[in-house]
Amino acid sequence: MIKTNVKFFNNPSFHSHLQNYLLNTHNTECQIQLLETQEIYLTLNGIKENVTAARQTIISLFEQTHTKIYDIENTDQQMIYWSNHITSDLIIPVIQQIMDHQNIFTLWEKTAMFCGYFKVVYFTHESFKVSDAYISEILDKEILYVNNIVMPNEKTKNLLTSIDQFIFNRQHPELAIIRCKYPYKLDIKISLFGRKNLVKKARKSLQSIINNHTIKTLQLKMNSNQHEYLLENCVEQLNDIENEYKNDCVKIRIRQKEFSAPQYLIGKIKQKIHELMIQTIICKYQKIGNSILLNDDNNKQFYQIAKRNYCRIEKIEIKTETNVYSIPKALSQTSNISNSIIQQSNEFTSSLSMKKISVLNGSIEIYLTNQSISIPRDVTIISSEAGAAEELINYISDNGYFEMKSGRKVLFHRWSPIIPNNDRSYQKFKKSIEKFISSCLQSITTCFNDVRTIAFITNEWENIGIQQEQLANNLINEAKQQIESRKIDWRILFMFNDQQINFYKEFYQILIKLQTDQDGFAQFSSLVSTIQIILAGSSKFDLNKCENEINNYVQKHILTNKILSNEFDIKQWDQHMINAFYKYCLNKSVLPNIDLITNSQIHLIGSMFNVEKAIEKYRLMSEILKLKSSVQIPPPIIPRTSIPTNSNRSNPVMKIYNIYFSYCQHDQTICNYITTCLIGKGYSICETPSNTSLFQSYIDKSDVILVSFKESSWLASLILTELFYDLFDAEIDIDFKDDFDLEYDKLLSRLLHHTKPGITGKIYRETTVLPKITKSDIDYEEAAFGYQSIALQKVTSEQHFERERVYQQQLTTKLKNEKISNDDIVLLVASLETIVDDLEEILQGGNSDATLPTDEYDIYSRGQKNWKLDENSLSYIREFLNCIKRWLTRSPNVIQGNIAPFTPTGDINDAIFIIHQPSVRNFVPFDYSLSDKYFSLFNSNPGSCFNNEQSHDYLQKLIESNKPTNDMETMIEDNEIAWDTVSLFKANNDNDEDEIDNEWRTPEEIRKLEKLDNPNRIWKNTQNADKFIQQKIKNILEFKK
């Protein structure tokens, strides 16, 4: 048994060092086993002599130990200081760990539990020997103690939480964080002890936490208006801020214009208070065109709206820029498209002067324009003298870049394409393009920051001759590769003028092949003017209200922004229809944006008048497409027809036409164009001037008469007018004024309802559709049931709530004061329950009359037992029965009168009335179609409306057609009373009746009646009585004459 200090073996390094020493010195293996009883078993393996020597060495090792206590004031001042000021035992493991890490085998303890001196035990054996000086050196150089880090006077909960988190995350065997807490106090003291570098890092981090949570007081800079606004309107919001940061002890003393908060929250609290004082909103509006003109009245209205909502306008900016917009690719292909639509589509696409393809988040674009300066860009690359002249810039022969006074950035890079003759020269040509594009883009990356749009001026590049296609292809491919490899959102533009049209077309064809669905069918560039109105205010509510009012004013007087959602008809359009619609919108200065993929949405921006026209154009085009698709329309092969010539006039060959078109000679230009468009749709047209005598012959062979006239001339022929009204029962009134495309679509839509292209001899009746009333703006009065009046729109939610509360109080009082007595309620309920039982028996097919007395029954109902109730009568009985049941469910809380519903404005027209829908709908809807069952045509000319005789005739037919078949038969036998009579004398002398009437009169009313009935009453001469009598006599005399 060897007596050792077991604690030495707690160090794994000591294990390995001892084993290696015995193996190297005595060639003996040593196995160390540490038991739970803190006993050590050493097993030595080797030659006997070596094992004996090794055993003796181990005994000598543990006998040769030295113990040192650091209690000498002259030499151990630092250790004594630690002993006196560090009462925690956490530092003993830290010193032990640091010594073990230095491979110094020592044991550290304290002579007493808290304030004892430090004691160390170490070996003096030659192989494990360590000196006091080396231990002291490590204590001085490797260990640092920081006593009581300064804490702020006001310690917040979040500070203590952050310190706890810091201690948890900083746990390390060579670092001791000594924390001293005081019960029932938010006080804390922290000291650090351990390896010097760890202590320094921990102190720096802890000091940062303390600094961030140190409470500081700051003054708020505000003027008197802002201070007053915060005091009057923002006290609750300020309290909310304090409650939000209550764990950080945030205090806002707004009367003193100051607040206190931890350092890390100062900026956030200041920002929140500033947001209460003033906030900004930007109102942005766009319109296609050079500029949006704002007159003095517009600006005056803007400032008045802002002032009315306690806001102010910081700035009104108007700027113009060129934007690129995509035309969507159609999802359908329709063969039944008119020539006029195709012509409009081709005209639009041929007018486009740009093309674009998307590359990652960037793009490659080409432009054909003689004013390249108007295309916005960040940097312009010029490679020739002609390009500099195009940009109105003095040419610089050397490569380089400069920035003009106007802010334009220009990069000069001399380059001209090499004409390839063979494969070798082609490779040189290709490398020249790659070097030119890559070097230009690299120079831009080096010289400029935040560049997104780069324009190449292509002047003189077209001089390459027949190799233009190869040059265009290589330039586009290299630009595309540069965007993809650099992954920069560049817009690379190639600019062409009118002298480079063929060269532009080569680029155009290549881009068509490279474009994807993201690029749409085509693109167009347009100038867009933007208004920015910057609003500032103290209240977010006021700002939002002001923004809404400005939006309403702008949309009503300047421009509007309409979005048509879920327009599934647009998905049935082909590409020609989409192109024609875009052409119409752009001609009307309306910016269209059609989304066919996501939600079938049409977004229109422009003046209100033109946007409404664009919407009407869309509706008409969709309706025309539906009408043409509803029937199989033959292709337009019918030639244009006019009046026969003189040679054939004696025996004209008549045929059937869709339309007979009559017009005056001075309207021939526009009418010829209308005729051409209608023939393009497939209609057969018979057109004549208005002075032709063969009206009747052509009219008889036509399905529809189309007459053109001006307001000043009306119809030239009264014969034509009479023929028109005699033969046709409907008329189409279309005005052609200043918008031929829209007005022609209106005409075509109406014609398609009555006659189909290529189908003659058959007239289609137009289905009656009830008009939809739409709300145009907030000032729209009630045009149909359910829309709000102006007065109701002005009622705020607070006013509505308060008025409804008052109404409920008044209703409760009325029900209490006018409630029917309990005795009357019992009688009424009993009577109504009897009626309910009888009605239910009737509905079930029974006979409720059997329970009635015979005499009463015979008086009123004799001969009616065998009546057969039709379905309408039964439905009325059901509704009357439901009405009785609703009354019974509300009893006994009922009154004799009606109760007016609640109205927020006091106007009964603004109230919401409860209408109980019938449980079973047995009503037959009225047939609005023109039917021979009700109407018939007359030989006489009724004009555009019916006369009294015709109206009476139609009404009689209508009554007879709806007269019920089961007529009620009545029979009165001799000496039988059909209706009981009452004697007026008896009624007037019935005392009971008088007493009942007086019960319902007030005392004041009774006094007035008694005064009027007084026979001794003295009549007074009222004012102007004489004049009245004289005028009455005069009237009588005149009447007798």
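Residues numbered from 1 in each chain as written. Predicted model: local features only at pLDDT ≥ 70, side-chain atom pairs only at ≥ 80, totals over all residues. Heavy atoms only, no water.

Going by what an unreviewed UniProt entry lists, the chain is known as TIR domain-containing protein and is assigned to Rotaria sordida.

Draft legend 1. Seen up close, the sheet that holds strand S8 (residues 188–195). Pairing is antiparallel in the open sheet, where 3 strands are placed in the order S6-S8-S7. Of all strands in the sheet, those bounded by a partner on one side alone are strand S6 (143–146) and strand S7 (175–181). Taken pair by pair, the neighbouring strands of this sheet meet at an average axis angle of 10°, ignoring direction. Bridge count for S7 against S8 is 7 bridges, and the pairing is antiparallel. Bridge pairing in S8 places Ile-177 opposite Leu-192. Against the sheet, helix H5 (residues 132–142) makes contact with S6 and S8, and its axis sits at roughly 45° relative to S6, the strand it touches most. (Pairing = 2+ DSSP bridges. Helix = DSSP H or I, 4+ residues; strand = E, 2+ residues; numbered from the N terminus. Axes fitted to C-alpha atoms, helices over the stretch in contact; angles between N-to-C directions. Contact = heavy atoms within 4.5 Å.)

Draft legend 2. Quick peek at helix H15 (residues 468–486). For H15, spanning 19 residues, the distance from its first C-alpha to its last is 27 Å, which sits close to the expected 27 Å at 1.5 Å a residue. The set of residues buried in H15 consists of Gln-468, Leu-471, Ala-472, Asn-474, Leu-475, Ile-476, Glu-478, Ala-479, Gln-482 and Ile-483. Against the buried residues of H15 lie strand S14 (354–359), strand S15 (362–368), helix H14 (423–447), strand S20 (491–496) and helix H16 (501–514). Directly beyond the C-terminal end of H15, a positive phi value near 55° is found at Lys-487. (Expected span 1.5 Å × (residues − 1). Buried < 20%, exposed > 50% of the residue type's maximum accessible area, 1.4 Å probe, protein only.)

Draft legend 3. Up close: the packing of helix H19 (residues 608–629) against helix H23 (residues 740–754). Packing of H19 against H23 leaves a shortest axis separation of 9 Å and a crossing angle of 30°. As the angle between them shows, H19 and H23 are arranged roughly parallel. Between H19 and H23 lies a crossing whose hand is left-handed. Each of Lys-613, Glu-616, Lys-617, Leu-620, Met-621, Glu-623, Ile-624, Leu-627 and Lys-628 in H19 lies in contact with H23, whose residues at this interface are Asp-741, Leu-742, Asp-745, Lys-746, Leu-748, Ser-749, Leu-752 and His-753. Here the residues of the contact of H19 with H23 are counted per class, giving 7 nonpolar, 2 polar and 8 charged. (Parallel < 35°, antiparallel > 145°, perpendicular 65-115°, else oblique. Left-handed = near helix turned anticlockwise from the far one by under 90°. Nonpolar A, V, L, I, M, F, W, Y, C, P; charged D, E, K, R; others polar.)

Draft legend 4. Local environment of the side chain of Thr-903. By secondary structure assignment, the location of Thr-903 is in the loop between helix H28 (871–890) and helix H29 (948–962). For Thr-903, a relative accessible area of 16% gives the class buried. Of the polar contacts made by the side chain of Thr-903, one reaches the backbone nitrogen of Gly-906; its length is 3.5 Å. With near-sequence residues (within four places) excluded, Thr-903 lies in contact with Ile-908, Asp-910 and Ala-911. (Polar contact = N/O pair within 3.5 Å; in protein donor to acceptor, adjacent residues only side chain to side chain.)

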